[in-house]
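Structure at a glance
This is what each chain is made of:
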Amino acid sequence: MTAIGSSETLVDEPPVRSKRGEPTWELAYEYPRQGEWTERDYLALHTTQRVELSNGCLEFLPMAGAFHQRILMFLLFALHEFLRSSKLGEVLPAPMAVRLGPGNYRDPDLTFYRRGREPQGNRQPPAPDLAVEIVSPGDESRERDLEDKRKEYAEAGVSEYWIVDPERRKIDVLALEGTNYKTHGEFGEGERATSLLLSGFGVDVSALFAAGRPPE
């Protein structure tokens, strides 16, 4: 069988025919194994899920809830309003996978591109100047956003990385120095998270997390 989006042929066949109530093994064997996914395979994948590619493996992001989406919209509007007057560039929301390097695509919750670097056409854009991730519940999500993406965004040259952590009610703003991030600030409720990259831009942390509640 041939992997979808790939010219490689898989020799293994499903060990058994799938039965009602089981995963459809025959279809699963049409795809590459974890660790063997290429950019071509990834870009040919059609799914309604948010999926990232890292080191040949697909990573499936958890479905966002209303709280996540409300604070995402708060940040999006705040950045959009700031950029409308400053004309420094463009902010774009997920879903939009960005290419960090060969075989590495991530889908930040928000991305900012400096003026002159705005994505063009329908191709997946390159690494942004600023990435924002809102940490989803669960150890796997925390490890992905706090460790894996921190390393990958730095290697890709993303100048600033905001980690919005609802569980701890804080925002970490990381600024790139050389090939590693240094902490610009750890901002909690009652404080204003500020950007080093976008001088003058800031977010009231208490107001941000309050925005996650349903409107009254």
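Next up on the list: the confidence of the model for the protein chain. Confidence along the protein chain averages 91 in pLDDT terms, with 93% of residues attaining 70 or more. Confidence drops under pLDDT 50 across residues 1–11; counting only partners more than four residues distant or on other chains, this segment forms 26 contacts.

Our focus in this paragraph is the nonpolar core. By size, the foremost hydrophobic cluster in this structure holds 26 residues, and its most contacted members are Trp-162, Val-164, Ile-171, Leu-198 and Leu-208. Listed by contribution, the elements that provide at least two residues to this core are helix H3 (66–86), strand S6 (110–114), strand S7 (130–134), strand S8 (160–165), strand S9 (170–177) and helix H5 (205–210). With seven residues, the single largest contributor to this core is H3. Formed by 15 residues, the second largest nonpolar core is a distinct cluster that contains Met-96, Ala-127, Ala-154 and Tyr-181.

We now examine the pairing of strand S2 (residues 57–60). Summarising the sheet, strand S1 (residues 51–54) and S2 pair through four bridges and their orientation is antiparallel. Residue pairing for S2: Ser-54 is matched across the bridge by Cys-57. Turn length for the S1-S2 hairpin, with the two strands adjacent in sequence and antiparallel, is two residues, and the turn residue Asn-55 shows positive phi of about 55°.

Within the fold, Ser-54 resides in strand S1. Classification of Ser-54 by relative accessible area gives buried; the value is 6%.

With six of six residues buried, S8 is to be regarded as a mostly interior element. Burial along S8 is two-sided: Glu-160, Trp-162 and Val-164 facing one way and Tyr-161, Ile-163 and Asp-165 facing the other are all buried. Pairing analysis gives five bridges linking S7 to S8, with the strands arranged parallel. The partner of Ala-131 across the bridge, within S8, is Tyr-161. Handedness of the S7-helix H4 (residues 139–155)-S8 crossover: right-handed. Here S8 pairs with S9 via six bridges, running antiparallel. Bridging from a neighbouring strand, Glu-160 pairs with Ala-175 of S9. The antiparallel pairing of S8 with S9 creates a hairpin that spans four residues between the two strands, and Arg-169 there sits at a positive phi of about 55°.

Now for H4. The first and last C-alpha atoms of H4 sit 23 Å apart over 17 residues, in line with the 24 Å expected at 1.5 Å per residue. Its axis deflected by about 40° at Lys-149, H4 carries its strongest bend there. Where H4 terminates, the next one or two residues include Gly-157, which has phi positive at roughly 85°.

Here the focus is the sheet that holds S2. The strands making up a sheet associate through backbone hydrogen bonding, with each pair oriented either parallel or antiparallel. Strand order in the open sheet formed by four strands is S2-S1-S5-S4, and the pairing between neighbours is antiparallel. Single-partner strands in this sheet number two, and they are S2 and strand S4 (98–101). Taking each pair of neighbouring strands and ignoring which way they run, the sheet shows an average axis angle of 35°. Relative to strand S5 (residues 104–106), S1 is paired through two bridges, and the arrangement is antiparallel. Residue pairing for S5: Leu-53 is matched across the bridge by Tyr-105.

Between its first and last C-alpha, H3 extends 30 Å over 21 residues, near the 30 Å set by a 1.5 Å rise per residue. Those residues of H3 that sit buried are His-68, Ile-71, Leu-72, Leu-75, Leu-76, Leu-79, Phe-82 and Leu-83. Down the axis of H3, the smallest arc covering the buried residues is 140°, so these residues share one side. Away from the buried face of H3 by more than 90 degrees, exposed residues Phe-77, Arg-84 and Ser-85 are located. On its buried face, H3 is in contact with strand S3 (89–93), S6, S7, S8, strand S12 (202–204) and H5. Just beyond H3, the residue with positive phi is Lys-87, at close to 55°.

Rules and cut-offs
Residues numbered from 1 in each chain as written. Predicted model: local features only at pLDDT ≥ 70, side-chain atom pairs only at ≥ 80, totals over all residues. Heavy atoms only, no water. pLDDT = per-residue confidence, 0-100. Contact = heavy atoms within 4.5 Å. Core = buried A, V, L, I, M, F, W, Y, C linked by side-chain atoms within 4.5 Å. Buried < 20%, exposed > 50% of the residue type's maximum accessible area, 1.4 Å probe, protein only. Helix = DSSP H or I, 4+ residues; strand = E, 2+ residues; numbered from the N terminus. Pairing = 2+ DSSP bridges. Right-handed = clockwise from strand over helix to strand, strands pointing away. Expected span 1.5 Å × (residues − 1). Bend = angle between axes of the 7 residues up to and from the residue. Axes fitted to C-alpha atoms, helices over the stretch in contact; angles between N-to-C directions. Arc of directions from axis to C-beta.

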